[in-house]
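Examining the three-dimensional arrangement
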Amino acid sequence: MTPAGSVRTAPAKAGAAARGRARLSQGMPRRILVGALGVLVLALLWELYILLGPEDGVVVGGVTVLPRASEMAMPHLWVMFERILEPVTGSASAIPMWQAVLEASLFTLGISAVGWIVGVTVGLALALVMQRFKLAESAILPWVILSQTVPLIALAPLVRRWGAQLEFGAFTWENWMSVALIASYLAFFPVSIGALKGLGSPDTNHIDLMHCYAVGWWKTLWRLRLPASVGYLLPALRLAAASAVIGSVVAEVSIGLRGGIGRLIVEYAGAAGSDPGKPWAPIFGSILVGLVAAGFVGLISLFLRRFRRGEVAA
Amino acid sequence: MTTAARPVQHAVEVTEVSRVFAGRKGASVTALDAVSLTVAPGEFVSLIGPSGCGKSTLLRLIADLDTPTSGSIEVFGKTASQARIDQDYGIAFQQAGLLPWRTVTGNIELPLELHGAGKAARRERAAELIELVGLTDFAGHYPDQLSGGMQQRVAIARSLAESPSLLLMDEPFGALDEMTRERMQNELVRICAETSAAVVFVTHSIPEAVFLSNRVVVMSPRPGRIRDVLGVNLGRMSDRGENLREDAEFFHSVSRVRELLHGDTPTGARGVETR
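Parameters and conventions
- Residues numbered from 1 in each chain as written.
- Chains lettered and ligands numbered in written order.
- Predicted model: local features only at pLDDT ≥ 70, side-chain atom pairs only at ≥ 80, totals over all residues.
- Helix = DSSP H or I, 4+ residues; strand = E, 2+ residues; numbered from the N terminus.
- Buried ≥ 20, exposed ≤ 12 C-beta atoms within 10 Å, placed from the backbone.
- Contact = placed C-beta atoms within 7 Å.
- Rg over C-alpha atoms; globule rule 2.2 N^0.38 Å.
- Pairing = 2+ DSSP bridges.
- Axes fitted to C-alpha atoms, helices over the stretch in contact; angles between N-to-C directions.
- Domains from an automatic or database assignment.
- Nonpolar A, V, L, I, M, F, W, Y, C, P; charged D, E, K, R; others polar.
- Parallel < 35°, antiparallel > 145°, perpendicular 65-115°, else oblique.
- Left-handed = near helix turned anticlockwise from the far one by under 90°.
- pLDDT = per-residue confidence, 0-100.
- Core = buried A, V, L, I, M, F, W, Y, C linked by C-beta atoms within 7 Å.
- Expected span 1.5 Å × (residues − 1).
- Arc of directions from axis to C-beta.

The subject of this paragraph is the overall build of chain B. Counting its regular elements, chain B contains eight helices and 10 strands. Scored against the burial criterion, the 275 residues of chain B give a buried share of 49%. Intrachain contacts of chain B at a sequence separation of at least 6 include 69% that bridge at least 24 residues.

Structure below.
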């Protein structure tokens, strides 16, 4: 829209685009480096506090404002990592901690994926209905927003109880399905909002053009609205992935489902008193699940890169 | 078609058309008041007038992007709506309005694709049009890699994709700088000579209107009316070229249009570029 943009000559523009791509490809190792540096700084701060912080913390008027730097409260990083390599318990049959955490992580990742897929499907469907019918938007949108104010903890027992009453033929409702459902309950929200905004994002110019071409809603959706919504949809999908993981972890705990990372976090937290390194292993596990989920969405955005080209300036 | 029995069909026939926009609290704006206009096949007609004279509204009515409050519009003897459904016209706006995720070729192919043309036919037609607008080296470029003038050329190529007999253009060169603008005008004259389509062209610029048109329709605002229609005697489209801008007849027509625009208000019509 800028006048400068319109008078710029094409070679200059193409050059700028090429430079942009070059910057992107050069920027990749740099970005990884900066990211690694961030983690390193965090680790250093942790160790520095253990080194310098008071053993009993800082207490002001009976309130602990800074944590205790004792071995029990804040274990060294190497304690955490050594602990991951050791067996879960002292018994001879115990498997190594990393294996237990990895298995639980995979379990949770699977449930999160199911929740994410269900959530994204429902979110997209809602956005499409709201886009198509103005009435549906005013009827559904407030409920969509309201839905997120219901606390997860309140929802879990309800879902579990309703699920238990479901039974047709060979199908029986299982607990993991309740967890996935709760994960999807969190995941659908950003998708429906993001997709609604994205589907409505084409400017009147493009809408007029489609009208001139005398094409219906479906063709307009496929050729114009959906491609235009990609820029809004991808951040929503990433948010949904994070929400699905958090939803699964929390719902595992509130429903009492065994085998997942949420359950492991609660279980191992009990051991903190005698085995300070142990609770950290499932925490790292849950971070891993989140990273894999985010990475998966990153992969999707790689395929949809074409649709995220800058809007035309003219 | 029995040309002997029926009179020659108009490309566009606007009869006593009014468009009133309902404002808030009963206030209404009359954008067009009893406007009548005919455009012959192959004729280039410019609509010129100050901002708010309803020239864009008239174009949108012909394109069936809006419906008149009263009066009738026929395009090739059909209702405007039927003409739109039959794809009897191509359209270009002030904003190029290209889809940013499609290449130049992809953008030009869009109308063909939407109306079910085969892939090979699409490719062929797009290549033809890309050559027509002189963008052969940029066929695979995306819109954000093109200058404003190039984007507008793609938009014009797209409007020509289905070989319409009528082109509707709403200030297509309005956002371009003066040099690019004159070059685009030269090209449009050439393209029109090659396609022999009728054109309804909305503009702010007097020289642009004169240079391009067979007839210039001068409009006045509040309410939007046709003040006068001026025939331009600058020869056939195929004979018009850069040196026409130095022609005495060209200057004569420019001052005629200017006089008509200023009309009975000697202070000058605001919002009209006299460049």
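Now that the structure has been shown, the text picks up again.
Quick look at the overall build of chain A now. Across its full length, chain A holds 11 helices and four strands. Taking 20 Å as the expected radius of gyration for a compact globule of 314 residues, we find that chain A reaches 25 Å, considerably beyond that expectation. C-alpha extents for chain A along the principal axes are approximately 75 × 60 × 45 Å. A fraction of 72% describes how many contacts in chain A between residues 6 or more apart in sequence connect residues 24 or more apart.

This brings us to the sheet that holds strand S9 (residues 215-220) of chain B. Residues and elements named next belong to chain B. If you walk across this open sheet you meet the six strands as S6-S7-S8-S3-S9-S10, and the pairing is mixed. Either end of the sheet is taken by a strand with one partner, and the two such strands are strand S6 (89-92) and strand S10 (225-231). Direction aside, neighbouring strands of the sheet carry axes that sit 15° apart on average. In this structure, strand S3 (residues 44-48) lies alongside strand S8 (residues 198-203), joined through five bridges in parallel fashion. From the neighbouring strand, Ile48 faces S8, where its bridge partner is Thr203. Packed on one face of the sheet, helix H5 (residues 148-159) meets S6 and strand S7 (166-170) and runs near 165° to S6. With respect to the sheet, helix H8 (residues 248-262) is in contact with S3, S9 and S10, its orientation differing from that of S10 by roughly 165°.

The subject of this paragraph is the sheet that holds strand S4 (residues 70-75) of chain B. Residues and elements named next belong to chain B. Pairing is antiparallel across the open sheet formed by four strands, whose spatial order is S2-S1-S4-S5. Since the sheet does not close on itself, it has two edges, and those belong to strand S2 (28-39) and strand S5 (78-79), each with one partner. Looking at chain direction, strand S1 (residues 12-22) and S4 are connected through five bridges and run antiparallel. Within S4, the residue paired with Thr15 across the bridge is Ser72.

For an interface, size is often stated in terms of accessible area lost upon the parts coming together. All names here are of chain A. Segmentation of chain A into domains returns domain 1 (1-74) and domain 2 (75-308). Look at where the C-alpha atoms of domain 1 and domain 2 centre, and you get two points 25 Å apart. For the side of domain 1 that touches domain 2, a count of residues per class yields five nonpolar, no polar and two charged.

Now for unusual backbone geometry. All names here are of chain B. Here the bond from Arg222 into Pro223 is cis, since omega is -10°, no more than 30 degrees from zero. The phi torsion at Phe76 lies on the positive side, around 50°, for a residue other than glycine. Along the chain, Phe76 turns up in the loop between S4 and S5. In this model, Ser196 sits at a positive phi of 50°, which is unusual for a non-glycine residue.

Attention now moves to the environment of Cys212 of chain A. All names here are of chain A. Looking at the element boundaries, Cys212 is found in helix H8 (residues 204-212). For Cys212, a count of 20 C-beta atoms within 10 Å puts it in the buried group. It is 45 Å that separates the C-alpha atoms of Cys212 and Val292, two residues lying 80 residues apart in sequence.

Let us look at the packing of helix H9 (residues 217-255) of chain A against helix H11 (residues 280-303) of chain A. Any two packed helices are characterised by how steeply their axes cross, that is the angle between the axes, and by the distance between the axes. All names here are of chain A. Between H9 and H11, the shortest axis-to-axis distance is 9 Å and the interhelical angle comes to 155°. Here H11 runs roughly antiparallel to H9, going by the angle between their axes. The chirality of how H9 crosses H11 is right-handed. Of the residues in H11, those in contact with Leu234, Leu237, Arg238, Ala241, Ala242, Ala244, Val245 and Val249 of H9 are Ser286, Val289, Gly290, Ala293, Ala294, Phe296, Val297, Ile300 and Ser301. Its residues assigned to classes, the contact of H9 with H11 comprises 13 nonpolar, three polar and one charged.

Residue and element names in this part refer to chain A. Per-residue confidence for chain A gives a mean pLDDT of 83; residues scoring 70 or more make up 90%. The spread of mean pLDDT over the elements of chain A runs between helix H1 (residues 3-7), the lowest at 41, and helix H4 (residues 97-132), the highest at 93. Segment residues 1-14: pLDDT under 50, and 22 contacts once partners within four positions in sequence are set aside and those in other chains are kept.

Moving on, we get to the pairing of strand S2 (residues 63-66) of chain A. As defined by bridge partners, strand S1 (residues 58-60) of chain A adjoins S2 of chain A across three bridges and the pair is classed as antiparallel. Counterpart to Val59 of chain A in the pairing with S2 of chain A is Thr64 of chain A.

Okay, the confidence of the model for chain B next. Residues at a pLDDT of 70 or more form 90% of chain B, whose mean pLDDT is 83. As a predicted assembly, this complex carries a pTM of 0.79 together with an ipTM value of 0.82.

The next subject is the nonpolar core. By size, the foremost hydrophobic cluster in this structure holds 89 residues, and its most contacted members are Ile62, Leu168, Val199, Val200 and Val257 of chain B. Discounting chain neighbours no more than four positions away, the residues touching Leu168 of chain B are Leu59, Ile62, Ala63, Tyr89, Ile91 and Val200 of chain B. Counting residues in hydrophobic clusters, the runner-up holds 54 residues, among them Met97, Trp116, Phe189 and Val289 of chain A.

Bringing the packing of helix H6 (residues 152-165) of chain A against H9 of chain A into the picture now. Residues and elements named next belong to chain A. Two numbers describe how H6 lies on H9: the axes approach to 9 Å, and their chain directions differ by 65°. Between H6 and H9 lies a crossing of right-handed hand. Between H6 and H9, the contacting residues are Leu152, Ile153, Ala156 and Arg160 on the first element and Gly247, Val250, Ala251, Ser254 and Ile255 on the second.

This brings us to H8 of chain B. Residues separated by three or four positions in an α-helix point in the same direction, a consequence of the helix having 3.6 residues per turn. All names here are of chain B. Along its 15 residues, H8 runs 21 Å from first to last C-alpha, staying within 8% of the 21 Å computed at 1.5 Å per residue. Three or more residues of H8 are buried, namely Ser253, Val257, Leu260 and Leu261. Looking down the long axis of H8, one finds its buried residues gathered within 100° of arc, a one-sided arrangement. Counted as exposed and oriented over 90 degrees from the buried face of H8: Ala248, Ser255 and Glu259. Where H8 is buried, its residues contact S3, helix H7 (206-212), S9 and S10.

Once that is clear, we can look at the environment of Met80 of chain A. All names here are of chain A. Structurally, the position occupied by Met80 is in helix H3 (residues 77-85). It is 7.0 Å that separates the C-alpha atoms of Met80 and Lys278, two residues lying 198 residues apart in sequence. Excluding residues within four positions of it along the chain, Met80 makes contact with Pro75, Gly277 and Trp280.

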